[in-house]
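Single-letter residue listing:
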Amino acid sequence: MDTSSRRSTLTVTLCFIVALIEGLDLQSAGIAAAGIRQAFELDQKMMGWMFSASIIGLLPGAFFGGWLADRIGRKGVLIGAVILFGIFSLWTAFVTSVNGLLLARLMTGLGLGAALPNLIALCAEAVEERRRGTAISIMYCGVPLGGAIAAVVGMLGGESWQTVFIVGGVAPLLIAPLLVFALPESRDFRAQHQGVAPARESTVQALFGEGRAGATLALWVSYFFTLTVMYMLLNWLPSLLLAQGFSKPQAGTIQMLFNIGGAIGSLLGGVLLDRRGRTGVVLFAYGGVLASLAGLGLASGMLAMAIAGFAAGLFIIAAQLVLYALAPPAYPTSVRATGVGAAVAVGRLGSVSGPLAAGQILAAGAGTTGVLLAASPGLVIAALVVLGMSRRRAAEAPGASTTSH
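Here the structure is a predicted model, which means the values were calculated and not measured.

1. Examining unusual backbone geometry
Item 1. For Glu41, which is not a glycine, the phi torsion comes out positive at approximately 55°.
Item 2. As for its placement among the helices and strands, Glu41 is situated in the loop between α2 (33-40) and α3 (44-72).

Here it is, written out as structure tokens:
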């Protein structure tokens, strides 16, 4: 293996480990929800705010994490983000008030948000263009696998809801020194900043200049609606299952299958993107999400719900992976992390609204079916926008392969 291949492999491996920990922390609140509700005596609406506190932090974290990475480097911002979400995840386990809980989740989200655009940029820039989808998919499958680990930790922790936050806080603090010494800085970023520093574009110019406005807006719309549904499921699925009469171990098992399906969906989405092109993968992923949501609403027995949960994870993460793979090539190196970070940040608006909307729908008495029905129109819009973006890109480059990025 040559030096370039070793650097690529090391970058993707370390980013996968960070994504694994990020996935654990992203789903920790959902796993610990029953214990938190009891400990702090929260109603459905306040539970919605508890879920959304960390997601609100994800929005500025993603935007400024990407913006800063284009100026000082992907590696340094990623390490700072990992330390930040590690400290405040650990703090979550020891808070004694509702305000302290919301603040801890907000700050955890800030770190988690700053990490993701840098993970995407590092993996996209670590490999040649034709392998970008696969590299990002390998990294991102760590997120649902981390969620599966969170489900296992939650089951092993029994009645102690704090356990999942302690694990989610200690792990990133242990991995941060390894990133300092072993993670290579992006080759593209270093090349861009050798010698004379490149002229700085304004954020507006970075996102909308040089014909990028259409791609930017398409990414924003699709990220918003896809992440609305994803975070609705990530945060509320255990509670919805318990409300439908499933036991806590059964809900934990279905949540784990959801995440295992997500890991497979991430890998499958990236490989198919690199080999088959966008249109078929988009139809496959979003059509599958709609079908699996119907399954979650209609399933009654444990086996049927387990299959529906696995399918929902597979297809929603595949859909999200498609978006994460489409964003980096839409921007040049000098503004890539800014572009990806802005798209992720807009997606976080959806991920804030998803849990809040679910809380409101449940409080109104619509039940699980009402939550799942409310999610469907946005998915159709996201799929249509991504298809339109793919066709427009193909039209702009006649004769180019549909698998090109």
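2. A short note on helix α7 (residues 142-156)
Item 1. Given a rise of 1.5 Å per residue, 15 residues ought to cover 21 Å, and the 21 Å separating the end C-alpha atoms of α7 matches this to within 8%.
Item 2. All buried positions along α7 are accounted for by Gly142, Val143, Pro144, Gly146, Gly147, Ala148, Ala150, Ala151, Val153 and Gly154.
Item 3. Here the buried face of α7 lies against α1 (3-31), α6 (132-140), α8 (163-182), α12 (248-276) and α14 (302-326).
Item 4. Looking one or two places after α7, you find Gly158, whose phi comes out positive at around 60°.

3. Considering the domain arrangement of the protein chain
For interface size, the figure often reported is the accessible area lost on association.
Item 1. According to the domain assignment, the protein chain contains domain 1 (1-188) and domain 2 (201-395).
Item 2. Taking only C-alpha atoms, the centre of domain 1 and the centre of domain 2 are 18 Å apart.
Item 3. Opposite the 49 residues of domain 1 that make contact, domain 2 presents 52 residues.
Item 4. Carbon and sulfur atoms make up 68% of the surface buried where domain 1 meets domain 2, a total of about 4,300 Å² over both sides.
Item 5. Where domain 1 meets domain 2, there are two salt bridges.
Item 6. A salt bridge links Arg336 to Asp188, with the nearest nitrogen and oxygen atoms 3.8 Å apart.
Item 7. If you look at where domain 1 meets domain 2, you find eleven residue pairs in polar contact (both at pLDDT 80 or more).
Item 8. The set of elements that each furnish at least two residues to the side of domain 1 that touches domain 2 consists of α1, α2, α3, α5 (98-126), α6 and α7.
Item 9. For the side of domain 1 that touches domain 2, the element with the most residues is α3, which contributes 18 residues.
Item 10. Taken together, the residues of the side of domain 1 that touches domain 2 sort by class into 28 nonpolar, eleven polar and ten charged.

4. Re the nonpolar core
Item 1. With 125 residues, the main nonpolar core has Ile36, Met139, Tyr140, Leu219, Tyr286, Leu293 and Tyr324 as its most contacted residues.
Item 2. In terms of residue count, α14 provides more of this core than any other element does, 16 residues in total.
Item 3. A domain-level breakdown of this core finds at least three residues from each of domain 1 (1-188) and domain 2 (201-395).
Item 4. Contact partners of Leu293, with chain neighbours within four places excluded, come to Val229, Leu233, Leu372, Ala375, Ser376 and Leu379.

What counts, and where the lines are drawn
- Each chain carries its own residue numbering, running from 1 in the written order of its sequence.
- With pLDDT at 70 or above as the cut-off, local features in this predicted model cover only qualifying residues; side-chain atom pairs require 80 or more to be listed or tallied, and sums for whole chains, interfaces and linings still use all residues.
- With hydrogens and water set aside, each side-chain value is computed from the structure's full complement of heavy atoms.
- Going along the chain from the N terminus, every DSSP run of H or I of four or more residues is numbered as a helix, and every run of E of two or more is numbered as a strand.
- Multiply 1.5 Å by the residue count of a helix minus one, and that product is the helix's expected span.
- Per-residue accessibility, obtained with a 1.4 Å probe over protein chains only, is compared with the maximum for each type, and a residue is labelled buried under 20%, exposed over 50%, and partly exposed between these values.
- Contact definition: two residues touch when any of their heavy atoms are within 4.5 Å.
- Residue ranges labeled as domains rest on an automatic or database domain assignment.
- By definition, the buried area sums, over both parts, the 1.4 Å-probe accessible area that each loses when the two are put together.
- Each reported salt bridge corresponds to a side-chain nitrogen of Lys or Arg within 4 Å of a carboxyl oxygen of Asp or Glu.
- We call two N or O atoms a polar contact when they sit within 3.5 Å, provided that within protein one can donate a hydrogen and the other can accept it, with sequence-adjacent residues counted only if both atoms are side-chain atoms.
- Under the scheme applied, nonpolar residues are Ala, Val, Leu, Ile, Met, Phe, Trp, Tyr, Cys and Pro; charged residues are Asp, Glu, Lys and Arg; polar residues are all the others, including Gly.
- Grouping buried Ala, Val, Leu, Ile, Met, Phe, Trp, Tyr and Cys residues that are joined through side-chain atoms within 4.5 Å yields what is termed a nonpolar core.

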